[in-house]
Amino acid sequence: MIYNVVILGGGPAGLAAAVAAKKEGAENVLILERDRELGGILNQCIHNGFGLHTFGEQLTGPEYAERYINEVVQLKIPYELNTMVLDLEDHGELKIIHAINEEKGYFPIETESVILTMGCRERTAGAIGIPGYRPAGVYTAGAAQRFMNMEGYMAGKEAVILGSGDIGLIMARRMTLEGAHVQAVCEIMPHSNGLVRNVVQCLDDYDIPLKLSHTISFIHGKDRVEGVTVMKVDKETLKPIPGTEEFIKCDTLLLSVGLIPENEITRKAEVAIDGKTNGPVVGELRQTNMPGVFACGNVVQVHDLVDFVSEESVLAGEGAAKYIKGELDTEINFDTKNGDGISYVVPQHVALKNVEDSITFYMRVRKVFPNHTVKAYLNGEVIAKKNAPKFLPAEMVNFKIKRSLLEKYPNGEITFIVEEKPEKKIKL
Amino acid sequence: MKKDMTCIMCPIGCQMTIEGSEGNYTVTGNSCKNGEKYAIEEMTAPKRIIPTTVVVKDALIARCPVKTAAPVPKEKIFDIMDVINKVVLTAPVHIGDVVIKDVLDTGVDVVATKTMPRVN
């Protein structure tokens, strides 16, 4: 049997993409998931705050996942669990996926189109190279989260957290609620990398200090973590300042130091990757440069809110359905570019005929920008603006532009730039 | 009394200031009605939803996620955690199942947030 769409990953992106593809007319859809259940990372994110944009209510991760899993079941979309995808092979109109699981052993799957939804993984201690031994008690925040919330193991009693990403903040509260003591959260940047509400509800609520412009310069202990040396860093160079060393006694160090899109399959298949996002280069319907291969969710760009993962995945699902019906336009009208103050833009190009009413460009700012405007320039002219009270690196900017506006312009490159707002003139 | 706080009703995170005394508060810095409501509540009776887990037997994983179905008084969080941590469930569990009724007389139930079929 040849599938219409095969989805690599049953997390939030894969679930939403599968549902959208099926609803848009793809008959034979299959989800491949390497874990023992659907839902992906949402299964261990037991905290509330998911779904404010999508459902207008605060759900926990498992509740958010279950809404999509129920839809997958209702639409009778088949899925394979405990299944690892080894390779994706492109044979033009046919793709072959090489997969493996305990029941079937090795098996190839033939499909017309593929949606990549492998998500991302955490940077580890090795990736940031902290000096010291390698004692027990050093975990990524996500690993500790899985131990505590799914397997029922406590990660430690006295903890220090490095990195103020959302998982780190959430784990600070989680450990506190379960009786551990969190000494501090250290963040090398002068601003938090997590959402504001997480700083308030996870740290402020429990009087956990957030040490901005601080890092850990040494891990003490040989068999088990015995403490860490914390140092202040220079705000410009981010280098530790000698003389600011502070020893904090602890038995656990959690790392929340960034996420990396998981694109081994993508790279091996020679799908083009954007060096700024570390994810595939995609168009408005999340098509990659390999016809019939789409990508969405954290494998494309690391999102902060799952709601936007779902939103993006609907596009990929619709795109795949269009592709198999031969309705996907391939003429690219616009490329996008990150200008001053912006670190990346997704999608990287736009085929306007595939856009229904409007298109949302996702991007991140490089630092905190109060009183600024993000402007979209096309061929030297400002075509759209977005204002916000404050732009934060931790919060993805959603920049919507109407199709009718873009239709007025010739093809070209859209550059997004952060600019300071002119001071308001005071009327005399 | 005066208090500065960060609004958490949405990702914007408005920096708000609340001033006044009971029944007569002025909130500034908020950009919507939700912010005002949140500031007054934080000043008078702060509440939080508690998301946590309980032991579950005969399920695929060892813990079942639960939450308080509504926000509960902030000062009762650790007492409520003690009560929740005594619960042992046996699968099957359905999403929304009441795990503890009216926890510590708050009028709020603790409910399961995941459907967990029985696994032998």
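Residues numbered from 1 in each chain as written. Chains lettered and ligands numbered in written order. Predicted model: local features only at pLDDT ≥ 70, side-chain atom pairs only at ≥ 80, totals over all residues.

Notes on the overall build of chain A
Applied cut-off: Numbering of helices and strands runs from the N terminus; a helix is a DSSP stretch of H or I covering at least four residues, while a strand is a stretch of E covering at least two. Each radius of gyration reported is based on C-alpha atoms, and the globular scaling rule is 2.2 Å times the count of residues to the power 0.38. Using C-beta atoms placed from the backbone, we call a residue buried if 20 or more other C-beta atoms fall within 10 Å of its own, exposed if 12 or fewer do, and partly exposed for counts in between. Our contact criterion uses C-beta atoms placed from the backbone: two residues qualify when those atoms are within 7 Å.
What chain A contains, in helices and strands, is nine helices and 31 strands. Over its C-alpha trace chain A gives a radius of gyration of 23 Å, about what one expects of a compact globule, namely 22 Å for 428 residues. Here the C-alpha coordinates of chain A stretch approximately 75 × 65 × 40 Å along the principal axes. Within the span of chain A, comprising 428 residues, buried residues form 50% of the whole. Nonlocal contacts in chain A, meaning residues at least 24 apart in sequence, comprise 64% of its contacts between residues at least 6 apart.

A closer look at the confidence of the model for chain B
Selection criterion: The predictor attaches a confidence to each residue, and that confidence, scored 0 to 100, is pLDDT.
On average, residues of chain B score 93 in pLDDT, and 98% of them reach the 70 mark or higher. Here the complex is predicted with pTM 0.93, and the ipTM for its interfaces comes to 0.90.

Some remarks on the sheet that holds strand β2 (residues 15-21) of chain B
All names here are of chain B. For clarity, the threshold we go by: A pair of strands counts as paired when DSSP detects no fewer than two bridges linking them. Helix axes use the C-alpha atoms of the stretch in contact, all axes being lines fitted to C-alpha atoms, and the angles between their N-to-C directions lie in the range 0 to 180 degrees.
Strand order across the open sheet formed by three strands is β1-β2-β3, with antiparallel pairing between neighbours. Every interior strand has two partners, whereas the edge strands, β1 (2-6) and β3 (24-28), have only one. Averaged over all adjacent pairs, the angle separating strand axes in this sheet is 20°, with direction ignored. Direction of pairing for β1 relative to β2: antiparallel, over a ladder of five bridges. Residue pairing for β2: Met-5 is matched across the bridge by Met-16. Set on the sheet, helix α1 (residues 33-44) makes contact with β1, β2 and β3; between it and β3 the angle comes to about 130°.

Thoughts on the interface of chain A and chain B
For an interface, size is often stated in terms of accessible area lost upon the parts coming together. Put simply, the test is: Put simply, Ala, Val, Leu, Ile, Met, Phe, Trp, Tyr, Cys and Pro go in the nonpolar bin, Asp, Glu, Lys and Arg in the charged bin, and everything else, Gly too, in the polar bin.
Tallying the contact residues gives 22 residues for chain A and 23 residues for chain B. Among the elements of the structure, α2 (61-74), α4 (141-151) and α6 (196-203) of chain A are those that each provide at least two residues to the side of chain A that touches chain B. If one sorts the elements of the side of chain A that touches chain B by residue count, α6 of chain A sits on top with four residues. Of the residues in the side of chain A that touches chain B, the class split is nine nonpolar, six polar and seven charged.

Section: α4 of chain A
Residues and elements named next belong to chain A. To be explicit about the condition: Throughout, the arc means the angular range of directions from the helix axis out to the C-beta atoms.
Within the sequence span of α4, burial applies to Ala-141, Gly-142, Ala-144, Gln-145, Met-148 and Asn-149. The buried residues of α4 occupy an angular sector of 155° when the element is viewed end-on, so they sit on one face. With its phi angle positive at about 85°, Gly-152 sits one or two positions after the end of α4.

Points about the domain arrangement of chain B
Where we set the bar: Annotation comment: domain bounds sourced from an automatic or database domain assignment.
Partitioning chain B into domains gives domain 1 (2-44) and domain 2 (51-112). Inter-centroid distance (C-alpha atoms) of domain 1 of chain B to domain 2 of chain B is 30 Å.

What to know about the domain arrangement of chain A
Residue and element names in this part refer to chain A. Annotation of chain A at the domain level lists domain 1 (1-122 + 259-328), domain 2 (124-257) and domain 3 (329-428). On a C-alpha basis, the centres of domain 1 and domain 3 stand 27 Å from each other. The interface of domain 1 with domain 3 comprises 14 residues on the first partner and 18 residues on the second.

Focus on the sheet that holds strand β24 (residues 349-350) of chain A
Residues and elements named next belong to chain A. Taken in spatial order, the five strands line up as β24-β22-β31-β27-β28 in an open sheet, and their pairing is mixed. Two strands lie at the open edges of the sheet, namely β24 and β28 (381-387), each paired on one side alone. The pairing of strand β22 (residues 334-338) with β24 spans two bridges and is antiparallel. Its bridge partner being in β24, Phe-334 is matched across the sheet by Val-350.

What about unusual backbone geometry?
Omega for the bond connecting Val-346 of chain A with Pro-347 of chain A falls within 30 degrees of zero, at 0°, which places this linkage in the cis form. Residue position: Pro-347 of chain A is located in the loop between β23 (342-346) and β24. Of the consecutive residues Ala-91 of chain B and Pro-92 of chain B, the connecting peptide bond is found in the cis state with omega at 5°. For Glu-270 of chain A, which is not a glycine, the phi torsion comes out positive at approximately 65°. In this structure, Glu-270 of chain A sits in the loop between α7 (264-268) and β19 (273-274). For Glu-270 of chain A, a count of 11 C-beta atoms within 10 Å puts it in the exposed group. One non-glycine residue, Leu-104 of chain B, lies in positive phi territory at about 45°. Residue position: Leu-104 of chain B is located in the loop between β9 (98-100) and β10 (110-112).

Let's talk about the packing of helix α1 (residues 12-23) of chain A against helix α8 (residues 306-324) of chain A
Residues and elements named next belong to chain A. Cut-off, in case you're wondering: Just so you know how the angles are binned, under 35 degrees is roughly parallel, over 145 roughly antiparallel, 65 to 115 roughly perpendicular, and the rest oblique. Left-handed describes a crossing whose near helix is turned anticlockwise from the far helix through less than a right angle; right-handed describes the clockwise counterpart.
Interaxial distance between α1 and α8 falls to 7 Å at its minimum, and their mutual angle equals 40°. Our classification of the angle between α1 and α8 gives oblique. The handedness of the crossing between α1 and α8 is right-handed. Every residue of α8 that contacts α1 at Pro-12, Ala-13, Ala-16, Ala-17, Ala-18, Val-19, Ala-20 and Ala-21 is listed here: Val-306, Val-309, Ser-310, Ser-313, Val-314, Ala-316, Gly-317, Glu-318, Ala-320 and Ala-321. Taken together, the residues of the contact of α1 with α8 sort by class into 14 nonpolar, three polar and one charged.

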